[in-house]
Amino acid sequence: MAIGTDILMIDDDKDLVNSIRIVLESREYTVRAAYNGKEGYAKIQEKTPNLIILDVMMATDTEGFDLAYKLRNDPRYQNIPIIMVTAFPKKMAEEGPDKFQHILGESWPVSQFIEKPIDPEVLLTSLEKVLKEAHRV
């Protein structure tokens, strides 16, 4: 099922990327990595992935959202499933919702959210569900 499924993980935490890569590759997914939104977008243009795992907060608090909205508004990429991984609820609780008001009312441009720290089994279950729904496996 997973053989040949190309997953692009975009996250500035290299240790997290490497640990998730090990989990996904053990299930025979192909994993590519990018460490910021700009690099991630370039990799998407090189080869369209079957699914994107995307962090919210990288260089800015909304870099992941910005990239997700950019992809949703581009006909070439709008159907790529995105699983967003984030410590966003924790950050919002710490800093208050006012700082994030500009994105709270928006429709979310992602297929699913997973809160950090990531439970590998939750990620795998979500990934398989999202891929099936998108008919990408």
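Strand order in the open sheet formed by 5 strands is E2-E1-E3-E4-E5, with parallel pairing between adjacent strands. A strand with exactly one partner marks an edge of an open sheet, and here the two such strands are strand E2 (30-34) and strand E5 (112-115). Adjacent strand axes in the sheet meet at a mean angle of 20 degrees when their direction is disregarded. In this sheet, strand E3 (residues 51-55) lies alongside strand E1 (residues 6-10) in parallel orientation, the contact comprising 4 bridges. Each bridged residue has a counterpart across the sheet, and for Met9 the counterpart in E3 is Ile53.

With that settled, the discussion passes to the nonpolar core. Ranked by internal contacts, the top residues of the largest apolar core, which has 22 residues, are Leu24, Tyr29, Leu51, Ile53 and Leu127. Broken down by secondary-structure element, the contributors of at least two residues to this core are E1, helix H1 (14-26), E2, E3, strand E4 (82-86) and helix H6 (120-133). If we ignore the near neighbours within four places in the chain, the residues touching Leu51 are Asp6, Ile7, Leu8, Ile80, Pro81, Ile83, Leu127, Val130 and Leu131. In terms of nonpolar packing, the next biggest core, distinct from the first, is built from 19 residues, Leu8, Leu54, Val56 and Tyr77 among them.

Turning to the pattern of salt bridges, a few remarks are in order. One pass over the structure, following the stated rule, counts 7 salt bridges. Ionic pairing is found between Glu25 and Arg21, a salt bridge with its closest N-O pair at 3.8 Å. Here Arg21 and Glu25 lie together in helix H1, a separation of 4 residues that amounts to about one turn. Using a relative accessible area of 38% as the deciding quantity, one classes Glu25 as partly exposed. Of the charged contacts, one joins Asp55 and Lys116 as a salt bridge, the two residues approaching to 3.2 Å between their closest N and O atoms. With Asp55 in strand E3 and Lys116 in the loop between E5 and H6, this residue pair connects regions lying 61 residues apart in the sequence. Connected through shared salt-bridge partners, Asp11, Asp55 and Lys116 make up one network.

To continue, consider the packing of aromatic side chains. Applying the stated criterion to the full structure yields 1 aromatic pair. Seen in terms of ring centroids, Tyr41 and Tyr77 are 6.1 Å apart; in terms of plane orientation they differ by 80 degrees. Their pairing is edge-to-face. Highlighted residues: Tyr41 in helix H2 (residues 37-46) and Tyr77 in the loop between helix H3 (63-72) and E4, separated in sequence by 36 residues. One exposure class covers both Tyr41 and Tyr77, and it is buried. One Lys or Arg, Lys14, reaches over the ring of Tyr35 and ends 4.9 Å from the middle of that ring. Directly above the aromatic system of Tyr41 lies the positively charged group of Lys70, at a separation of 3.8 Å from the ring centroid.

Calculation rules
Residues numbered from 1 in each chain as written. Predicted model: local features only at pLDDT ≥ 70, side-chain atom pairs only at ≥ 80, totals over all residues. Heavy atoms only, no water. Pairing = 2+ DSSP bridges. Helix = DSSP H or I, 4+ residues; strand = E, 2+ residues; numbered from the N terminus. Axes fitted to C-alpha atoms, helices over the stretch in contact; angles between N-to-C directions. Core = buried A, V, L, I, M, F, W, Y, C linked by side-chain atoms within 4.5 Å. Buried < 20%, exposed > 50% of the residue type's maximum accessible area, 1.4 Å probe, protein only. Contact = heavy atoms within 4.5 Å. Salt bridge = Lys/Arg side-chain N within 4 Å of Asp/Glu carboxyl O. Phe/Tyr/Trp six-rings, centres within 6.5 Å; stacked < 30°, edge-to-face > 60°. Lys NZ or Arg CZ within 6 Å of the ring centre and 35° of its normal.

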